[in-house]
Amino acid sequence: MLTTKIGKVGKVLICGMKGVGKTALLEQLIYGNVSVETEFHPTIEDIYVASVDSGRGSREILRLHDSAGLQGKAQLPRHYIHFPDGFALVYDPTDPSSLDMLADIKQDIERNKEKKDVPIIVLANMRSKRREAPPSIFHAQQTNSINPANQMEIVLNRAISWCSRERIKHYTVNAMERPSLYDPFINLCARLHPPQAKSTFPQLRQVMQKTQKSDV
């Protein structure tokens, strides 16, 4: 008999620059059906539901909201900031501008979110499969002067340093490798639903329970 209880529901917004692979990450996490041949179209808005084993005798539910990718100086719509309980910010480590955008997104969240200690994680997607137009000539001149592997390492190190200063958990994931996605979302779920603190006086609690029963 299935005895696992259904726990709380947490709403998480997945956001970042257009083309960094947000939808691929979610499709792989939920369905495990993403490969290098998988075709994706630009997302307008979509919702995925995940059941997460909390390890506390219940399964927590995550409603993962896939948002449209941002471009240029575009900001998250106001309702994207107010409704989520947590955020997953995604960037492509081969594109420094996608990391720069995350700093703007985080500042926007902090300015407009009523709850200031909202959980945020950052995901470096190693296989983001960019399909949109090629980079600008200026960006190409910058990246051509640096070995691609070194460029990625520079961006990753910068992201890790930024996350450390901002006290955000940074994860390196791969949209083609489903197991790499488990830890970030399990840990985010645990932060959204921390266990309730137990009384430091268990004997007193037992006495109170017995008293209540005797009064009935």
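Since this is a predicted model, take the numbers as computed values, not measurements.

Within the protein one finds 7 helices and 6 strands. Each helix and strand of the protein, placed in order from N terminus to C terminus, yields the pattern β-α-β-β-α-β-α-β-α-α-β-α-α. Going through the 216 residues of the protein one by one, you find that 40% of them count as buried. For the protein, restricting intrachain contacts to residue pairs at least 6 apart in sequence, the fraction spanning at least 24 positions comes to 76%. Carbon and sulfur atoms make up 54% of the accessible area of the protein, which totals about 13000 Å².

Turning next to the packing of helix α3 (residues 96-112) against helix α5 (residues 148-166). How two helices sit against one another is set out by the angle between their axes and by the gap between those axes. Close contact between α3 and α5 brings their axes to 9 Å; oriented N to C, the two are set at 15°. Comparing the axis directions of α3 and α5 gives the class roughly parallel. Crossing of α3 against α5: the hand is right-handed. Residues P96, L99, D100, L102, A103, K106 and E110 of α3 lie in contact with α5, whose contacting residues are Q151, V155, R158, A159, W162 and E166. Tallied by class, the residues present in the contact of α3 with α5 amount to 7 nonpolar, 1 polar and 5 charged.

One pass over the full model with this rule turns up 6 salt bridges. With a closest N to O distance of 3.3 Å, D108 and R111 form a salt bridge. Pair noted here: D108 and R111 are both in helix α3, with a separation of 3 residues, about one helical turn. D108 sits in the buried class, given a relative accessible area of 4%. For R111, a relative accessible area of 52% translates into the label exposed. One network of salt bridges, with partners in common, ties together R78, D108 and R111.

Within helix α6 (residues 182-192) the residues assigned to the buried category are P184, F185, L188, C189 and L192. Axial view of α6: buried residues confined to an arc of 130°, hence all on one face.

Further remarks concern the confidence of the model for the protein. Summary statistics for the protein give a mean pLDDT of 81 and a share of 77% for residues scoring 70 or more. In this model residues 129-140 is a low-confidence stretch, pLDDT under 50, and it forms 18 contacts with partners more than four residues away in sequence or in other chains.

Rules behind the numbers
Residues numbered from 1 in each chain as written. Predicted model: local features only at pLDDT ≥ 70, side-chain atom pairs only at ≥ 80, totals over all residues. Heavy atoms only, no water. Helix = DSSP H or I, 4+ residues; strand = E, 2+ residues; numbered from the N terminus. Buried < 20%, exposed > 50% of the residue type's maximum accessible area, 1.4 Å probe, protein only. Contact = heavy atoms within 4.5 Å. Areas by Shrake-Rupley, 256 points an atom, 1.4 Å probe, with all protein chains shown as cover. Axes fitted to C-alpha atoms, helices over the stretch in contact; angles between N-to-C directions. Parallel < 35°, antiparallel > 145°, perpendicular 65-115°, else oblique. Left-handed = near helix turned anticlockwise from the far one by under 90°. Nonpolar A, V, L, I, M, F, W, Y, C, P; charged D, E, K, R; others polar. Salt bridge = Lys/Arg side-chain N within 4 Å of Asp/Glu carboxyl O. Arc of directions from axis to C-beta. pLDDT = per-residue confidence, 0-100.

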